[in-house]
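# What the coordinates show
Residue strings, one per chain:
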Amino acid sequence: MTQRKQPPAAPERQPEGSEATDIHRRRFLQNALAVTGGAALAAGSRITQAAEGMDHSRHAMGAHAGHRMDRYGSMMFTKDHSGHMMGGIIEPPGAPSDDEVDYKVFDIDVRIVQHEILPGIRLHMFAFNGQVPGPEFHVTEGDWIKVNFTNNTEEMHTIHWHGITLPYTMDGVPMITQDPVHPGQTFVYRFQAKPAGTRWYHCHWSTPLHAATAMHGAFIVHRKEEPLKERFPYTRDYTLMLEAWDIDFAREEMNGLLEGMKEVNLLMSKGLLDYKTHGFFKDYDEFKRAVESGEYVAPYLQSRSSGVRVRQNFFAINGKSYPATKRIGIRQGEWIRVRLINASGLSHHMHLHGHDFWWVAQDGNDLPEPRRLNTIHVEPGGTYDIMIYGDNPGFWTFHDHKTTQARNNGIYPGGMLTVLAYEDFEPTYVPSVSVDQ
Ligand SMILES: [Cu+2]
């Protein structure tokens, strides 16, 4: 991430002239493909049996039987069926212009990277600025933030600012607050950083795949003066993003996405793309009619046995599973702050050995009274801040006490596990056998 000094440059507009026409044409094709690709990342699922309680037979016997379908994606509503979006930079209304306030400007993109969770386990992931997790924002409450978000993939994305109070046009939810950001496009998010606390951001398009792969990052809004420092004078501030992957699902879906794009590309070039098959409609009523007439088989009508089953088998902290996780450093007499952000979609019970800690904030907001715990229940999407005091030198495990999630593909120990490590003491004993890195 780069942060530019004020005043930020005005966004460049689409150039005019014949070159621009070419760009438009290319973008049109790209974007139209992206729309259908989004709905068509089918990856060869078939209707094999009726979903319980649904009249599935007419779908199974109909024109779409056996057709490739989106397995967990959904339909889109686009006014003209094509879904194409012109122009390279999208500037939604709802926030002050560059002239009205001083923006802190951040440029981020999304690209596909190969990320290593553990030696031997590498996955293609959507990643902000190519990082897993995405870059960590540190801003001050009240700052005006401008994020130029560029989509450098062939799939669509958005950014949702989780826990930030902002204009609804900046909330990053496709089909509800904005059009998805198409390949090659830049979408400009502008908002004021508030309220203070541990917040985060993630993609809201095909969230089960995109946010769960790696499109998530911390958005820390600091207070100008931190009242918690009076009671807990911490000198270091750690962020731990909790993550989980079903690597088979992720691999299959990423491959399916690429395959789906190829198929849609071919159909488009031959003029054979059927909008109902690929799941995009002018509006909700058209979608409803298509489902009721059997012309369109919505993903949720497909059998659960042929549909998606996500069973997370790798659990991670900041992109790595134990023993590849990074240790948390502490010194004797030091207070540290640890911000837990649950990006995994599962619940975790983080337990620290050898210490109690003080739970001071949830979802970014300070608790009326800190609570003394040694295990904290971390809910999906939630953020939890704890303070740890260094008064017991040693190496202390900090891990998910759901032991199925402290494993790598079923093998214990692993997964969501790290070590609180004192940096200023001589160990009196070190095991001769270790799985540590
Ligand atoms: Cu995305």
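Above this text you will find the structure in question.
Summarised in this report is the structure supplied together with it. Everything numeric here is computed off the predicted structure, so don't read it as measured data. As a convention, each chain's residues are numbered from 1 in the sequence order in which they are written. Only residues with pLDDT of 70 or above have their local features reported here, since the model is predicted, and side-chain atom pairs are shown and tallied only from 80 upward, although totals for entire chains, interfaces and linings are computed over all residues.

## Considerations on the overall build of the chain
Short version of the rule: Numbering of helices and strands runs from the N terminus; a helix is a DSSP stretch of H or I covering at least four residues, while a strand is a stretch of E covering at least two. Labels follow a simple rule on C-beta atoms placed from the backbone: if 20 or more others lie within 10 Å of a residue's own, it is buried; if 12 or fewer, it is exposed; otherwise it is partly exposed.
Scanning the chain from N- to C-terminus turns up six helices and 23 strands. Counting only residues that meet the buried cut, the chain has 40% of its 437 residues in that class.

## A closer look at the sheet that holds strand S15 (residues 328-330)
Applied cut-off: Strands pair, by our definition, only if DSSP identifies at least two bridges between them. For helices, the fitted line uses only the C-alpha atoms of the stretch in contact; every axis is such a line through C-alpha atoms, and the angle between N-to-C directions lies from 0 to 180 degrees.
Reading across the sheet, the five strands line up as S15-S23-S22-S17-S20 and stay open at both edges, with mixed pairing between neighbours. At either end of the open sheet lies a strand with only one pairing partner, and these are S15 and strand S20 (375-378). Recorded for the sheet is a direction-independent mean angle of 20° between the axes of neighbouring strands. Where strand S17 (residues 348-352) and strand S22 (residues 395-400) come together, three bridges link them in antiparallel fashion. Along S22, the bridge assignment pairs Leu 352 with Phe 398.

## Concerning the environment of Gly 381
For clarity, the cut-off: Contacts are defined on C-beta atoms placed from the backbone: any two residues whose C-beta positions lie within 7 Å are in contact.
Within the fold, Gly 381 resides in the loop between S20 and strand S21 (383-389). The spacing of Gly 381 and Ile 341 is 40 residues in sequence and 7.2 Å in space, taken between C-alpha atoms. Once residues lying within four places of it in the same chain are set aside, the contact partners of Gly 381 are His 162 and Asn 342.

## What about the nonpolar core?
General note: in soluble globular proteins, nonpolar side chains tend to be found buried as a group. Threshold: Residues enter a nonpolar core if they are buried, belong to Ala, Val, Leu, Ile, Met, Phe, Trp, Tyr or Cys, and are joined to the set through C-beta atoms within 7 Å.
Phe 219, Leu 242, Leu 340, Ile 386 and Ile 388 are the most contacted members of the largest nonpolar core, which totals 77 residues. When residues in this core are grouped by element, the largest group, six residues, is from strand S4 (residues 103-118). The contact partners of Phe 219, leaving out residues within four places of it in the chain, are Phe 137, Trp 161, Ile 164, Arg 199, Trp 200 and Tyr 201.

## Let's talk about helix H6 (residues 284-293)
Burial within H6 is sparse, with just one of its 10 residues counted as buried. Once H6 finishes, Gly 294 follows within two positions and takes phi at roughly 85°, a positive value.

## Considering the pairing of strand S6 (residues 137-140)
Residues Phe 137 and Val 139 line the buried face of S6, whereas the alternating positions His 138 and Thr 140 sit on a face that is not buried. In the sheet, S6 pairs with strand S11 (residues 216-222) via four bridges, with the strands oriented parallel. In the sheet register, His 138 faces S11, and the bridge partner there is Ile 220.

## What about the environment of Pro 93?
Structurally, the position occupied by Pro 93 is in the loop between strand S3 (89-90) and S4. When the C-alpha atoms of Pro 93 and Met 170 are compared, they prove to be 8.6 Å apart, with 77 residues separating the residues in sequence.

## Some remarks on the sheet that holds strand S14 (residues 314-317)
The six strands lie next to each other as S14-S12-S16-S21-S18-S19, forming an open sheet whose pairing is mixed. Edge positions in the sheet fall to S14 and strand S19 (365-373), since each of these pairs with one other strand and no more. Taking the axes of each pair of neighbouring strands and ignoring which way they run, one obtains an average angle of 20° across the sheet. Bridge analysis of strand S12 (residues 234-245) against S14 gives four bridges, and the strand direction is antiparallel. Across the sheet, Ala 244 pairs through a bridge with Phe 315, a residue of S14.

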